[in-house]
Amino acid sequence: MWYDRLIAQNRLPDFILRIGIRKLLKQRLEDETLGDAEAQQHRLNKLMAKLKTEPIAIPATEKEQVLPVTFYQYCLGKHLKDSCSYWNAGVSSIDVAEQDMLELTCRRADLKDRQYILELGCGWGSLTLFMAQKYPDSHITAVCGSAVQKTFIEEVAKERNLANIRVIIEDINVFNSSTRFDRVLSVELFGQLRNYELLMGKISSFLKAEGRLFVQLFSHEKLAYKFEPGDEPEWLKKYFFSRGLMPSNAMLLYFNESLLAEKHWVVNGTNYAKTAEAWLKNMDGHQQEIMLLLKERYADEEEALKCWVYQRLFYMSCAELFGYNEGNEWMVCHYLFKKKS
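Per chain, the residues get numbers from 1 upward, laid out in the order the sequence is written. Totals for whole chains, interfaces and linings use all residues, but because this is a predicted model, local features are given only for residues with pLDDT of at least 70 and pairs of side-chain atoms are given and counted only at 80 or more. To get the side-chain values, take all heavy atoms of the structure and skip hydrogens and water.

## Examining the packing of aromatic side chains
The line we're drawing: For this analysis, a ring pair means two rings from Phe, Tyr or Trp (six-membered ring only for Trp) whose centres lie within 6.5 Å, classed as stacked if their planes differ by under 30 degrees, edge-to-face if by over 60, and tilted for the remaining angles. For each residue, the accessible area found with a 1.4 Å probe, counting protein chains only, is set against the maximum for its type, and the residue is called buried under 20%, exposed over 50%, and partly exposed in between. For the purposes of this entry, the term helix denotes a DSSP run of H or I that reaches at least four residues, the term strand denotes a run of E that reaches at least two, and both are numbered from the N terminus.
In this structure the tally under the stated criterion is 13 aromatic pairs. Ring geometry for Tyr-225 versus Phe-227: centroids 5.8 Å apart, planes at 80 degrees, classification edge-to-face. Look at Tyr-225 and you get buried, because its relative accessible area is 6%. Phe-227 sits in the buried class, given a relative accessible area of 5%. Look at Trp-279 and Tyr-315: their rings are 5.4 Å apart centre to centre, the planes differ by 55 degrees, and that puts the pair in the tilted class. Separated by 36 residues along the polypeptide, Trp-279 in helix 10 (residues 270-285) and Tyr-315 in helix 12 (residues 301-323) bring together distant segments of the chain.

Encoded structure:
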């Protein structure tokens, strides 16, 4: 598009960018919404049938942008939670909102001490480290996607004298475990995956007979769609949503061959909008430090500037997406599943 270069050069003000984002969101709703309920359900059924033919995760076709932990320490809260936080009435601090969501996650997952816990897609370890400290006699296995994340989590665990964490790097397509867990937790990993039938079957095999799976997943109130090449703006699909999926609120409940939904909660999208706005505010407040970091990472100053712009635009897009229609269009869902008897 003609404006891509202007965006990359940081020549468009935020209010123009936000207008453009809202226009894209409105267009997405128009493209995905069919006037006929029967046709809408047929489209959902067709998508779910297609997902069952795909691998659990689609391999990356090109090297994805991975920033060092220092960048996230400038942008996120003190727990380094790179997912939706929970903004109770009166909360104005990202640190408090992060902790409130971590507490809510533990409560809804029905965690207790002395459990064997598996976290799939642990990111920078916000939940893993929180659980390890809250439940010191638990045994936590955390699966991450990079050596940088593994090293960081292990270093923090050592600093905090947490000896109940094991961090492994593994592809979810091939990951297996001989250990049987009381709880499996996944926070926003499912949105990066495809074959929920295979995934739920695999997770079921990890659980003890009375075990539970807790999932936090961003979703749309009723629509479900893939992020496909050509569907998204170039910067968005290249850097952030190259292989992902936007499920509908109830879509995961259809994949019940191995696990049955026991509880289902909705977290209003404004919680994610406030989280993204806080990330953006933190990023802007550390512009000088972050730009130095990016210039060290990229020999080309133009690439460093582009990375700065695209990261800000991503946070802005998340804020606009989840804030749309007062948080009742795109939102976050929590699910608790049990094994079939």
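## Considerations on the pairing of strand 4 (residues 181-187)
Within a regular strand, side chains alternate between the sheet's two faces. The test is simple: When DSSP finds two or more bridges between two strands, those strands count as paired. For a crossover, the right-handed case is the one in which the path from the first strand over the helix to the second runs clockwise, viewed with the strands pointing away from the viewer.
Counting buried positions along strand 4 yields 7 of 7 residues, so the element is predominantly enclosed. Of the strand pairs in this sheet, strand 1 (residues 116-120) and strand 4 are connected by 4 bridges, and their pairing is parallel. Directly across from Glu-119, in strand 4, lies its bridge partner Leu-185. Traced from strand 4 through helix 8 (residues 196-206) to strand 5 (residues 207-220), the parallel crossover comes out right-handed.

## Section: the sheet that holds strand 1
Worth spelling out the cut-off: Here, axes are lines fitted to C-alpha atoms. For helices the fit covers the stretch in contact, and angles between N-to-C directions go from 0 to 180 degrees.
With respect to topology, 7 strands assemble into an open sheet ordered 3-2-1-4-5-9-8, the strand pairing being mixed. This sheet does not close on itself; its edge strands, each paired only once, are strand 3 (165-169) and strand 8 (259-267). Across this sheet, the average inter-strand angle for adjacent strands is 15 degrees, counted without regard to direction. Pairing analysis gives 5 bridges linking strand 2 (residues 139-144) to strand 3, with the strands arranged parallel. Note that in strand 3 the partner of Ile-140 across the bridge is Ile-165.

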